[in-house]
Amino acid sequence: LGKNPEKTLLNHQKANLKYDSSIAFNDIAGYRRNAAFAFYPFHLKENKKICTLQIPNLMMDTNIVKPDNIQASLKEAVTYIEELRNNHGVAAINWHSRMAYPNDKKLAIYGEVYIELLDYLAQQEDIWVTNFENYYNWHKKREKRIKENK
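K.L.:
Which parts of the structure should I look at to understand the overall build of the protein?
P.N.:
Helices and strands together make up the secondary structure of the protein, namely five helices and six strands. Ordered by position in the sequence, the α and β elements of the protein form the string α-β-β-β-β-β-α-α-β-α-α. Overall, the C-alpha framework of the protein stretches about 50 × 35 × 25 Å when taken along its three principal axes. Separation of charge centres in the protein, based on 22 positive and 18 negative side chains, amounts to 11 Å.

If you want it as structure tokens, here you go:
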């Protein structure tokens, strides 16, 4: 997001992005804005809501994978997912395809952890794993129902 995240988020809105998940920490997992549910950021200087839905980024490959330790990486990821589940939250998991190159000894672990993480998530019947577009559409329907019931 750069040095001025609000400016970047306003640019996302001007570009008509419906959703985004780039508000994240590069070096640690967790919610950068302490939100475990999708939200519309508020721009203080402009005194208005930014209309690009933010889907919180919980973790990404570069802040969860421990070199040469698949199980420790997976254990940390599961800890964050369990916290998300306990709070009935919503989150994105960001895995860069460039980080999972199987022929590179240093990068292969990223792909291995991702596969293990997907296997874990597939076994969780109460966790909805989907893409951003499906989540966005669900969220918009939910917003509409809430407005209708006011």
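The discussion continues.
K.L.:
Help me out: how do you make sense of empty space enclosed by the protein in this one?
P.N.:
Over the atoms a probe the size of a water molecule is rolled, and this reveals where empty space is left. Going through the model one piece at a time under the given rule, you end up with one cavity of 30 Å³ or more. Estimated volume of the largest cavity: approximately 70 Å³. Contributing to the lining of the largest cavity are Ser21, Ile23, Tyr31, Arg32, Arg33, Ala35, Phe39, Gln54, Ile55, Pro56 and Asn57.

K.L.:
Even after reading the chapter, I still don't get the layout of surface pockets, so can you show me in this structure?
P.N.:
When its volume is computed, the largest pocket comes out at roughly 790 Å³. Along the walls of the largest pocket sit 30 residues, with Ala91, Ile127, Trp128, Val129 and Thr130 positioned nearest its centre. Counting only elements with at least two residues in the lining of the largest pocket, the list comes to strand S5 (57-60), helix H3 (70-86), strand S6 (92-94), helix H4 (108-122) and helix H5 (132-148). When residues in the lining of the largest pocket are grouped by element, the largest group, four residues, is from H4. Split into classes, the residues belonging to the lining of the largest pocket amount to 20 nonpolar, eight polar and two charged.

K.L.:
How should the environment of Ile93 be read in this particular structure?
P.N.:
Checked against the element boundaries, Ile93 lands in strand S6. By relative accessible area, Ile93 is classed as partly exposed at 31%. For the pair Ile93 and Pro56, spaced 37 residues apart in sequence, the C-alpha separation works out to 8.9 Å. Beyond its immediate stretch of four places on either side in the chain, Ile93 contacts Met59, Ile81, Leu117 and Leu121.

What counts and how
- Residues numbered from 1 in each chain as written.
- Predicted model: local features only at pLDDT ≥ 70, side-chain atom pairs only at ≥ 80, totals over all residues.
- Heavy atoms only, no water.
- Helix = DSSP H or I, 4+ residues; strand = E, 2+ residues; numbered from the N terminus.
- Lys, Arg positive; Asp, Glu negative; His and termini not counted.
- Charge placed at Lys NZ, Arg CZ, Asp CG, Glu CD.
- 1 Å grid on protein atoms, 1.4 Å probe; cavity = no way out; pocket = protein on both sides within 12 Å on 5 of 7 lines; lining within 4 Å.
- Points joined across faces, edges and corners; volume = space filled by probe spheres on them.
- Nonpolar A, V, L, I, M, F, W, Y, C, P; charged D, E, K, R; others polar.
- Buried < 20%, exposed > 50% of the residue type's maximum accessible area, 1.4 Å probe, protein only.
- Contact = heavy atoms within 4.5 Å.

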